[in-house]
Amino acid sequence: LFFAITIITPNKYCYSQDVVIDGSIDRDSVLTGHTFNYDLNIRVPKGYIINWNEIKDTLSKSIEVISRSEVKEQPIDNSSDILSSQILTLTSFDTGHIEIPEIGIKYYQSAKDTATYTAYTDFMEIYVKPASIDTTIAYKPIKMPVKQNITFEETVPYFGGGIIIVALILLIVYFVKKSKNKGK
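Residues numbered from 1 in each chain as written. Predicted model: local features only at pLDDT ≥ 70, side-chain atom pairs only at ≥ 80, totals over all residues. Heavy atoms only, no water.

**Topic: the pairing of strand β3 (residues 35-45)**
In step 1: Pairing of strand β1 (residues 20-25) with β3 involves 6 bridges; the strand directions are antiparallel. In the sheet register, G23 faces β3, and the bridge partner there is L40.
In step 2: Pairing between β3 and strand β7 (residues 81-91): 11 bridges, direction antiparallel. When the sheet's bridge partners are listed, R43 is paired in β7 with L83. (Pairing = 2+ DSSP bridges. Helix = DSSP H or I, 4+ residues; strand = E, 2+ residues; numbered from the N terminus.)

Written as structure tokens, this is what we have:
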């Protein structure tokens, strides 16, 4: 029975425990459009190569990656392992309970290794609160657009274009008259 379960289980659960990945968020709720940090840590044996470029600009249709910090590596005491970490700044414009999907980080056991392995974080959830509207304040009237004066910088392209068009017309008229005179 144990042998059958080991064969049937997907490959991502069959690897030995030499790579450990962990993800955590710095808060459990956030306002719509506000940012929060996702701390991503991966522990690998020394010599392993981690491909941090797998993280794109969105994690799902609801979670966007605003920025990524530099990857920090530090050795772990009493071990030949290294802890690599990166902080992702995320945001969401949807409201309600939003699921942060599992993030897969690819790694290689050495520079010469052609086989890629992937370690996954766990799913997480964050509550995105809608923007609050203060209904006690009286409505304000809609303001009409403010008329702005036209500046010199805005008119320069039109004057320049007009001068070029007039010059081309005069040049064409000159060449047409010159060609007619040659014909006589």
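Back to the write-up after that little detour.
**Regarding the pattern of salt bridges**
In step 1: Enumeration according to the criterion identifies 2 salt bridges in this entry.
In step 2: For the salt bridge of D26 with R27, the shortest nitrogen-to-oxygen distance reads 3.6 Å.
In step 3: Accessibility expressed as a relative area gives 41% for D26, which makes it partly exposed.
In step 4: What makes R27 partly exposed here is its relative accessible area of 38%.
In step 5: Here R43 ties to D81 by a salt bridge, and the two come within 2.9 Å at their closest N and O atoms. Note that R43 is positioned in strand β3 and D81 in strand β7, a separation of 38 residues in sequence. (Salt bridge = Lys/Arg side-chain N within 4 Å of Asp/Glu carboxyl O. Buried < 20%, exposed > 50% of the residue type's maximum accessible area, 1.4 Å probe, protein only.)

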